[in-house]
Amino acid sequence: MQSIRISHVHLTIAYILVFVIGCVCVVEAQSNLRWYFGGGGNGIVFPPSGVPASINGGASGSSNCCAIAINPNNSNVVAYTDGKVVYDSNHRILANGDINATTSGGERIYSIIIPYPKKQDFYLIISVAGQNLYWSEIDGQRGRVTSKDNLINDLRSTPVNVHPKLTFTNVKDKPSEYWIVAKEWSTSSPTNRFFSWRVNEKGIDLANVVISSSGKAIGDPTSSGALRGSMRISPKGDKLAISYWAGGSTATGFFTELHDFDKETGEIKNGRILTDFASSVTNPNGLEFSPNSRFLYITDNHPITNEIYQFDLNSPSMVTTGIRVISTATGSDDVIYKDIARGPTESLYILVKSSPEVIVIDKPDLIATDASFTISSIPLAPTGNKNCLLSTTNPP
């Protein structure tokens, strides 16, 4: 794999002014978009003009991934959740806002929030909790949760378990409809099944789940942390990436897979391993595609390596195209790269455990060897541990 050393600079006011005003839609510039991180309640605010800055005040103190409901008409924050409690934009608990109450305190919960198709001011929370998949409904206008903890993964009266990894995208040619995708968790025999549920104005189509078999079959991962990892669909909607920390007798290796995704049918196929433990990426965790869908970025959070890689998916030999974008090995588990997400300016934002800053890949559509490819950072308020980036209502 190639390696590139890039200087670590801070954002300048002139640069970010041009970047924000030139790259986000006008309606988004009318409000201060806020992100909150799982763990500590801190985050970033993206003002309509000026430099993204750190903020405190988020109510989430858990290590779960935060998900935020954003009004698609004005980009205002309607509500957010850590998978256990739903808060409004002023950090007050919504009426009936305690969700996934049946899970134990130590379980990691991963959530996403999407607008309810053709139902103005309503939103759906989708959560993986205790290897089950649930949906809850937010009435954004009245500030309450109207229905909660409804089971999704009871497939044809046969319950299945799912990984705490979720992703979603629009249905082809139907921007107000969505696909929700989850990966099966087997506690016995190895499995490579994915589930895709379509969401339309009638809600989640539970009766017609699309079941796909693709990629490597793995079994019970509980012994070595395959709870960890991420799943993302590319902005073009044609690729799905998933990372695992797998182990146990029926699952070997730590690896990243790339699959083909069909936005029209929800089918997933042609899974192939992009990285494994034998490659330079030993502990693949966070994943994100570049805005143009050409590159896949992967955080390797092994304390010995602790690197971020860029892979060129347009290359016929993409497995060998990994470019080491950042390498800051410390040998400490306290300073490792965690989650990564695409922001409103289409830069990529990377959380670093126990670090006072967020790493920013400013122009992720460029190959990392380009002279204009830069890395910067945003200082964060020193509150809490930053574990996981949010999932917004902005689909891939």
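Residues numbered from 1 in each chain as written. Predicted model: local features only at pLDDT ≥ 70, side-chain atom pairs only at ≥ 80, totals over all residues. Heavy atoms only, no water.

**Student:** Hey, could you run me through the pattern of salt bridges in this one?
**Tutor:** Where charged atoms from two side chains of opposite charge approach closely, those side chains can pair. Across all of its chains, the model carries 13 salt bridges by this definition. A salt bridge links E137 to K119; the shortest N-O distance between them is 3.3 Å. Here K119 lies in the loop between strand 9 (110-115) and strand 10 (122-129) and E137 lies in strand 11 (residues 132-139), a separation of 18 residues in the sequence. Here R272 makes a salt bridge to D260, at a shortest N to O gap of 3.2 Å. One end of the pair, R272, is in strand 23 (residues 268-275); the other, D260, is in strand 22 (residues 254-261), and 12 residues separate them in sequence. Residue classification places R272 among the partly exposed residues on the basis of a relative accessible area of 24%. One network of salt bridges, in which partners are shared, links D238, K239, D260 and R272. (Salt bridge = Lys/Arg side-chain N within 4 Å of Asp/Glu carboxyl O. Helix = DSSP H or I, 4+ residues; strand = E, 2+ residues; numbered from the N terminus. Buried < 20%, exposed > 50% of the residue type's maximum accessible area, 1.4 Å probe, protein only.)

**Student:** Please explain the pairing of strand 6 (residues 77-81) as it appears in this structure.
**Tutor:** The side chains of a regular strand alternate between the sheet's two faces. Most of strand 6 sits out of view: 5 of its 5 residues are buried. Here strand 5 (residues 67-70) pairs with strand 6 via 4 bridges, running antiparallel. Bridge pairing links I68 to Y80 in strand 6. Between strand 5 and the antiparallel strand that follows it, strand 6, lie 6 residues; S75 among them carries a positive phi value of about 65 degrees. Of the strand pairs in this sheet, strand 6 and strand 7 (residues 85-88) are connected by 3 bridges, and their pairing is antiparallel. Bridging from a neighbouring strand, Y80 pairs with Y87 of strand 7. (Pairing = 2+ DSSP bridges.)

**Student:** How should I be thinking about the pairing of strand 12 (residues 144-151) in this particular structure?
**Tutor:** Here strand 11 pairs with strand 12 via 5 bridges, running antiparallel. Across the sheet, residue E137 finds its bridge partner in strand 12, namely S147. The turn joining strand 11 and strand 12, which pair antiparallel and follow one another in sequence, is formed by 4 residues; a positive phi near 65 degrees is taken by G143.

**Student:** Looking at this model, I keep getting lost on the environment of S347. Mind explaining?
**Tutor:** Its location among the elements puts S347 in the loop between strand 28 (337-342) and strand 29 (348-352). Given the relative accessible area of 2%, S347 is considered buried. A C-alpha to C-alpha distance of 9.0 Å links S347 and D365, two positions 18 residues apart in sequence. There is a polar contact of 3.1 Å between the side chain of S347 and the backbone oxygen of D362. (Polar contact = N/O pair within 3.5 Å; in protein donor to acceptor, adjacent residues only side chain to side chain.)

**Student:** Is there a simple way to explain the packing of aromatic side chains in this structure?
**Tutor:** What describes a pair of aromatic rings is the distance from one ring centre to the other and the angle between the planes of the rings. Throughout the structure, instances matching the rule amount to 5 aromatic pairs. Directly above the aromatic system of F122 lies the positively charged group of K119, at a separation of 4.6 Å from the ring centroid. Taking NZ or CZ as reference, K216 lies 4.7 Å from the ring centre of F255, over its face. (Phe/Tyr/Trp six-rings, centres within 6.5 Å; stacked < 30°, edge-to-face > 60°. Lys NZ or Arg CZ within 6 Å of the ring centre and 35° of its normal.)

**Student:** Just to check I follow, could you spell out the side chain of S230 for this structure?
**Tutor:** Positionally, S230 belongs in the loop between strand 19 (210-218) and strand 20 (231-233). Overall, the relative accessible area of 7% leaves S230 in the buried class. A polar atom in the side chain of S230 sits 3.0 Å from the backbone oxygen of N285. For S230, the contacting residues outside a window of four places in its chain are K165, A241, I242, S243, N285, G286, L287 and D339. (Contact = heavy atoms within 4.5 Å.)

**Student:** Even after reading the chapter, I still don't get the environment of L206, so can you show me in this structure?
**Tutor:** Following the sequence through the fold, L206 ends up in the loop between strand 18 (203-204) and strand 19. Accessibility expressed as a relative area gives 37% for L206, which makes it partly exposed. In this structure, the C-alpha to C-alpha distance between L206 and I152, residues 54 residues apart in sequence, is 6.8 Å. Once residues within four sequence positions are removed from consideration, L206 is found in contact with L151, I152 and W197.

**Student:** Help me understand the confidence of the model for the chain in this model?
**Tutor:** Fine structural detail should not be taken from predicted coordinates in areas where pLDDT scores are low. Confidence along the chain averages 76 in pLDDT terms, with 71% of residues attaining 70 or more. Per-residue pLDDT, averaged within each element of the chain, yields its smallest value for helix 1 (residues 13-23) (21) and its largest for strand 18 (96). Here residues 1-31 scores under 50 on pLDDT; set against residues more than four positions off or in separate chains, the count is 72 contacts. Every residue in residues 247-252 is under pLDDT 50, and counting partners more than four places away or in other chains gives 16 contacts. (pLDDT = per-residue confidence, 0-100.)

**Student:** What is the right way to look at the environment of E264 in this model?
**Tutor:** Mapping E264 onto the fold places it in the loop between strand 22 and strand 23. The residues touching E264, leaving out its near neighbours within four places in the chain, are K172, W179 and R198.

**Student:** Please clarify how the nonpolar core should be interpreted in this entry.
**Tutor:** One recurring pattern in soluble globular proteins: nonpolar side chains tend to sit buried together. I126, L133, L166 and W197 are the most contacted members of the largest nonpolar core, which totals 23 residues. Setting aside its immediate chain neighbours within four residues, L166 contacts Y110, I112, I126, S127, V128, L133, I180, V181, A182 and M231. Among the nonpolar cores identified, the runner-up in size contains 17 residues, and I68, Y87, V360 and I378 belong to it. (Core = buried A, V, L, I, M, F, W, Y, C linked by side-chain atoms within 4.5 Å.)

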